[in-house]
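# Per-entry structural report
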Amino acid sequence: MEHPDSIRNDVDTLTLTRHIMKATRDSDFVILLNAIQTSCKLISRSVRKAGIAGLYGQAGSENATGDSQKKLDVLSDEIMVNALYNSMVCAVLVSEERDDAIIVPEEHAGKYCVAFDPLDGSSNIDCNVSTGTIFAVWVKKTPGPPKAEDILQSGRETVCTGYCCYGSATELVISYGTGIQRYTLDPSLGEFVMSGDQMVLPSKPKLIYSINEGNYLTWDENMKRAVDGYRLHNPLYSARYVGSMVADVHRTLLYGGIYLYPADAAKGNGKLRLLYEGIPMAVIMEQAGGEASTGLFRGTIQPILDLIPTSIHEKVPVLIGSKQEVQYVLSHYK
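Residues numbered from 1 in each chain as written. Predicted model: local features only at pLDDT ≥ 70, side-chain atom pairs only at ≥ 80, totals over all residues. Heavy atoms only, no water.

### Focus on the packing of helix α5 (residues 221-232) against helix α8 (residues 323-330)
Contact geometry for α5 and α8: axes closest at 9 Å, N-to-C directions at 130°. Viewed along their axes, α5 and α8 adopt a mutual orientation that is oblique. Across the interface between the two elements, M223, R225, A226, G229 and Y230 from α5 touch E325, Y328 and V329 from α8. Looking at the contact of α5 with α8, its residues break down into 5 nonpolar, 1 polar and 2 charged. (Axes fitted to C-alpha atoms, helices over the stretch in contact; angles between N-to-C directions. Helix = DSSP H or I, 4+ residues; strand = E, 2+ residues; numbered from the N terminus. Parallel < 35°, antiparallel > 145°, perpendicular 65-115°, else oblique. Contact = heavy atoms within 4.5 Å. Nonpolar A, V, L, I, M, F, W, Y, C, P; charged D, E, K, R; others polar.)

### Observations concerning the pairing of strand β9 (residues 181-186)
Burial along β9 is one-sided: the residues Q181, Y183 and L185 are buried and none of R182, T184 and D186 is. Of the pairings in the sheet, the one linking strand β8 (residues 170-175) to β9 comprises 4 bridges and is antiparallel in character. Looking at the pairing, E171 lines up with T184 of β9. As consecutive antiparallel partners, β8 and β9 are separated by 5 residues, and within that stretch G177 has a phi angle of approximately 145°, a positive value. Note that β9 and strand β10 (residues 191-197) share 6 bridges and pair antiparallel. When the sheet's bridge partners are listed, T184 is paired in β10 with V193. Where β9 hands over to β10, the hairpin turn is made up of 4 residues, of which G190 adopts a positive phi near 75°. (Buried < 20%, exposed > 50% of the residue type's maximum accessible area, 1.4 Å probe, protein only. Pairing = 2+ DSSP bridges.)

### Observations concerning helix α6 (residues 245-255)
Most of α6 sits inside the fold, with 9 of its 11 residues counted as buried. Taken together, the buried positions of α6 are occupied by M245, V246, A247, D248, V249, H250, R251, T252 and L253. Where α6 terminates, the next one or two residues include G256, which has phi positive at roughly 90°.

### Let's talk about the sheet that holds strand β12 (residues 238-239)
An order of β12-β11-β13-β16-β14-β15 is seen for the 6 strands of this open sheet, with the pairing classed as mixed. One side of each edge strand has no neighbouring strand; the edge strands of this open sheet are β12 and β15 (300-303). Direction of pairing for strand β14 (residues 291-297) relative to β15: antiparallel, over a ladder of 3 bridges. Looking across to β15, one finds that L296 is bridged to I301. Packed onto the sheet, helix α7 (residues 274-287) meets β14 and β16 (318-321) and runs at close to 25° relative to β16. Docked against the sheet, α8 engages β13 (258-261), β14, β15 and β16, running at close to 10° with respect to β14.

### Notes on the environment of G162
Within the secondary structure layout, G162 lies in strand β7 (residues 160-166). Along the backbone, G162 and E221 are 59 residues apart, and their C-alpha atoms lie at a distance of 33 Å. Leaving out residues up to four positions away in the same chain, G162 has contacts with T133, I134, F135, V173, I174, P280 and I284.

Encoded structure:
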């Protein structure tokens, strides 16, 4: 059997760029994905060199939603904004790290509206826990110069969503229509190489629930009962919570189970942002055969992908994972 690093394996390497070119034959979309994957490569390099380059610690500022910014937050944001802004295919950019949408001048603008969290889980950077990048892409629908409102579309209207996980390996998980592909960064090539096609949740998921139980006292009684059911279930469920959404959702996608960040008294609508956290992860999970719900939100229970954002940094509760697990939690509200 050939060693994985054998040069014979390089004669037909299925890279992200090659796959997108063949599957879409859309030059603008290829340029967009090249800008995103280049950003992820640069961020991955920065994360791995953070200690050497003096990039640990606070930047001394806050982002658009009041979170303290780390030095790598600021750097990752600049990397993504520069790559996308100068791609000539984007019209509107929304970053977690910026108060306002970035409007590309009409003479340089393309058709894509991109929302992203450049470095999810950045509070874990200094202790070397997995982090990631999350993104969602829409097509501008209205004529005329780009404006912030162009990106306020539902998750059903995305043309591409995905995340990049910076852990023991750098992995990019992406969906651009139907199905999900998984790519792993080969550092010897500097390319994302396909390592999984048409990913789906396991038919026999592991018994795992993922939630910040430190917020237990702030949840409504229905959510408390649902989590208590996991704690007391026989056979036992395992509690797994990293605190980086990318890491927790990636594990849920591969192993099954459920990830929750519900509404609570402390944060009102929850902590996660709809445009660049809730929507992209909901698309990925539904494409994998799972479910993504808000739980009880604004007096009703609804799929995350049916929500139409009213502002670029709007927050939303998130319940995503295997269908049976999401339905179990929602059953406590009926």
